[in-house]
Amino acid sequence: MTTQTHVHTSAEEVHALAHRKRSGKDIAVLVGGIIGMAVIVIYCLAPFYWMIVSSLRLPTMGRSTDFIPNPVSFANYAGVFDPSNNFGRAIINSIIVSTVVTVLTLLFGILAAYALARLRFRFKGAVLAIIIACSMFPGITLLIPLFKLFTGSYPWFPLNWMNTYQALIIPSLSFGLPLCVWNLTAFFRQLPVELEQAAMVDGCTPGQAFVRVILPLAAPGIFTTAIITFIAVWNEFLIALTFATRSDMYTATVAISKFTGQYGFDTPWGSIMAAGVLLTVPLIILVLVFQRRIVAGLTAGGVK
Amino acid sequence: MLVIALVVGFPILFSVRESLFASSSGVDPTTGVLQSGEHFAGLSNFTDIFSNPTLVVGVWGSMDRLVNAFINTTFFTVVCVVAETIIGVAMAVIMSKAFRGRGLVRAAILVPWAIPTIVSAKMWALIFDANGVANKLLGQNILWLADNSYSQWAVIVADVWKTAPFIGLLTLAGLQTIPDEVYEAARVDGASGWQQFTRITLPLVQPALVVAVLFRTLDTMRMFDLPFGMIGPGKYSVETLSMFAYFENNALRYGPAAAYSIVLFLYIVLVAFLFVKLLGADVVGDPEAKAMAEARKRRKVAARQAKAEGRPVPKPVRSTITSGDSPS
């Protein structure tokens, strides 16, 4: 830029201007920053590294403290899928529950969030406050009556829903829905209302304007919300632990906590860590691929 | 617009209704539901806490199991949230100063967030095993998982590890909205680095931070999977209110279990209320809702003045569409 506007500046001067001398303080800040970042990365990844390393040991060396597995073995991964653990089934359960919850919350959440972002009505603040409060309810407060309900303790609800998918899915909506509505409201609010107005000037009904103009534009936000909801449901533990008491209905998180392994009474650390890696790696790949969007979604929604 | 209101208002009401029902049914057993096999218990589930204590020995000495769980929950919450906030803010400051490699750090920071809590519980259980790597690195032989005060610290470390990066992420987003000019002006005025941090960074990032801390506080208060997965059931030194209520529920003692969960619920409501009142946490964060509330207040004041002066009360102007910003 300088070369074009200041004709009289020589190339050397430009060079000198571009490379301002770095003072000692600048270098200190730079080095400090690099060290700080290295500390953060190590802080975040070291325990995860330990999990991977432990999963790669021989099953008999579960508690070894060598920093590099020797020899490297995948026997633990085979052990994870030992029929006695039912882990494959648990993963399928997790996928079913997470997917259904995500789809359901998106169906309701998109409409609710759109209304919250666009319409002006009384008690809107109150509705928003209620939604955010719902996501902060302690899960256990909801679970106790639901447990009673699903075990058929109430005379007006004679079905026994324990160990069914609906018992896992419906309580998960209680935290998935507020999360989803909250995130999406933030996304819809970012889209200018002029878009719909323009669409309506062009002859769209409000419904058409929503479907044809707003939905495609909000697709990235909806997608991000879907991922965040999916991860939240996938990581859920308390609900699954309460309502799945048969091992073929365990979700993956519950299965991992009930691992016994095939090597007697000693805790099968190797298999547990291998299962943990298997549970986590898909999430981490998702997160890394979409990290920009997820960060934007988390900060825009302000939802933990 | 009416069509949208109909199509969209219904799901809102539906979701609100659903959530309300779920929560209010939580109150039912404690307020006493008359049904077969159960009698109206009134508040006896609550009074039992005081008149009929089940003594357990945790870290805090011999006391009622509920009181023990209550103190554990409070202790975990305070220590974890303070540590998370300090580490998280430090991370955010470091990341905001960084020129290169921010993407890498952000990716690394998302890893603890994405790991399922129960997996991280198992992972830390292995790390803190008596023959594990934590003892090896520290050169100690501490029984971290053996139901003592060390196990509390093990849980705290695991929780802070998982959530501090998250606070860092949210704080970083807040930091990035602060324009560089503010810092430049401060430098010109001769402010030191620490002064810049305490006088500019913290106050400007405070709204984002307070909300993040509020959410983390409430989340830590209902902590369940971490102590459950790491230390195990029936360990009183780490038993939280959520865990206690869960065990009672598993023992089919619904009444006490519900009572304990209500104690936790009220506790959480109280803390949230204090946060909003004392620290002014703007949880809802909707400029329009705020503007509407202010407009209502103004109308009220105007109406009162009008009445006092004997003028006719001005009619409020109504509108239903919004452009996203707050015209009032």
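Residues numbered from 1 in each chain as written. Chains lettered and ligands numbered in written order. Predicted model: local features only at pLDDT ≥ 70, side-chain atom pairs only at ≥ 80, totals over all residues.

With that settled, the discussion passes to the overall build of chain A. Counting its regular elements, chain A contains 14 helices and zero strands. When the helices and strands of chain A are listed from N to C terminus, the series reads α-α-α-α-α-α-α-α-α-α-α-α-α-α. Buried residues in chain A amount to 46% of all 304 residues. The contacts in chain A between residues at least 6 apart in sequence include a share of 72% that link residues at least 24 apart. (Helix = DSSP H or I, 4+ residues; strand = E, 2+ residues; numbered from the N terminus. Buried ≥ 20, exposed ≤ 12 C-beta atoms within 10 Å, placed from the backbone. Contact = placed C-beta atoms within 7 Å.)

A count of helical and extended segments in chain B gives 13 helices and two strands. Counting every position in chain B, which comprises 328 residues, the buried fraction comes to 41%. Pairs at least 24 residues apart make up 68% of the contacts formed inside chain B by residues separated by at least 6 positions.

In this structure, Ala113, Val181 and Ile256 of chain A together with Trp124, Met230, Ala245 and Tyr260 of chain B are the most contacted members of the largest nonpolar core, which totals 164 residues. In terms of residues, this core owes the most to one element, helix α5 (residues 87–118) of chain A, which gives 15 residues. If we skip the residues at most four places from it in the chain, Met230 of chain B touches Ala121, Trp124, Ala125, Leu145, Ala154, Val155 and Ala158 of chain B. (Core = buried A, V, L, I, M, F, W, Y, C linked by C-beta atoms within 7 Å.)

This part takes up the packing of helix α9 (residues 193–221) of chain B against helix α12 (residues 254–279) of chain B. Residues and elements named next belong to chain B. Between α9 and α12, the shortest axis-to-axis distance is 10 Å and the interhelical angle comes to 165°. Relative to α12, the element α9 lies roughly antiparallel. Considering the relative orientation of α9 and α12, their crossing is right-handed. Of α12, the residues touching α9 (which contributes Val210, Leu214, Thr217, Leu218 and Met221) are Tyr267, Ile268, Val271, Ala272, Phe275 and Leu279. The class makeup of the residues in the contact of α9 with α12 is ten nonpolar, one polar and no charged. (Axes fitted to C-alpha atoms, helices over the stretch in contact; angles between N-to-C directions. Parallel < 35°, antiparallel > 145°, perpendicular 65-115°, else oblique. Left-handed = near helix turned anticlockwise from the far one by under 90°. Nonpolar A, V, L, I, M, F, W, Y, C, P; charged D, E, K, R; others polar.)

Residue and element names in this part refer to chain A. Domains assigned within chain A are domain 1 (2–55) and domain 2 (84–301). Taken together, the four residues of domain 1 in the interface contact six residues of domain 2. Taken together, the residues of the side of domain 1 that touches domain 2 sort by class into two nonpolar, two polar and no charged. (Domains from an automatic or database assignment.)

Residue and element names in this part refer to chain A. UniProt marks residues 27–52, 90–114, 126–147, 167–188, 209–234 and 269–290 with the feature "transmembrane region" (unreviewed entry), using the numbering shown here. The straight-line gap between the two end C-alpha atoms of residues 27–52 is 36 Å; of that span, 100% is helix and 0% is strand. Between the C-alpha atoms that bound residues 167–188 there is a distance of 31 Å. The span itself is 100% helix and 0% strand. (UniProt positions renumbered as here; feature names shortened; annotations may be inferred.)

Summarising the element assignment, Asp66 of chain A is placed in the loop between α3 (24–55) and α4 (75–80). Placed 16 residues apart in sequence, Asp66 of chain A and Trp50 of chain A show a C-alpha to C-alpha distance of 9.8 Å.

What follows deals with α9 of chain B. In this model, α9 of chain B (29 residues) spans only 35 Å end to end at C-alpha, well below the 42 Å of a helix rising 1.5 Å per residue. Of all bends in α9 of chain B, the biggest is about 60°, found at Gln206 of chain B, and the proline Pro207 of chain B comes one to four residues later. (Expected span 1.5 Å × (residues − 1). Bend = angle between axes of the 7 residues up to and from the residue.)

So, on to the packing of helix α6 (residues 124–134) of chain A against helix α8 (residues 165–190) of chain A. Residue and element names in this part refer to chain A. Direction vectors running N to C along α6 and α8 enclose 135°, while the axes themselves pass 8 Å from each other. Classified by the angle between their axes, α6 and α8 sit oblique to one another. In this structure, α6 crosses over α8, and the sense of that crossing is left-handed. Only Ser174, Pro178, Val181 and Trp182 of α8 make contact with α6, whose side of the interface consists of Ile131, Ile132 and Cys134.

Attention shifts here to the confidence of the model for chain A. Here chain A shows a mean pLDDT of 78. Residues at 70 or above account for 85%. Segment residues 1–6 of chain A is flagged for pLDDT under 50; beyond a separation of four residues in sequence, or across chains, it makes five contacts in the model. (pLDDT = per-residue confidence, 0-100.)

Residues and elements named next belong to chain B. Averaged over every residue, the pLDDT of chain B is 74; the share at 70 or more is 71%. Per-element mean pLDDT across chain B ranges from 44 in helix α1 (residues 2–31) up to 89 in helix α3 (residues 65–97). Across residues 14–40, confidence stays below pLDDT 50; counting only partners more than four residues off in sequence or on other chains, it has 40 contacts. Considering only residues more than four positions removed or in separate chains, one finds that residues 320–328, a stretch of pLDDT under 50, has 19 contacts. Here the predicted complex scores 0.78 on pTM and 0.80 on ipTM.

With that settled, consider the environment of Leu159 of chain A. All names here are of chain A. Checked against the element boundaries, Leu159 lands in the loop between α7 (139–150) and α8. Assessed through the 12 C-beta atoms surrounding it within 10 Å, Leu159 is described here as exposed. Taking the C-alpha atoms as reference, Leu159 lies 15 Å from Pro145; in sequence the two are 14 residues apart.

With that out of the way, let us pick up the environment of Ala199 of chain A. Residue and element names in this part refer to chain A. Tracing the sequence through the fold places Ala199 in helix α9 (residues 194–201). Its 19 C-beta neighbours within 10 Å are what place Ala199 among the partly exposed residues. In this structure Ala199 touches Cys204, Ala209, Arg212 and Val213, once residues within four positions along its chain are discounted.

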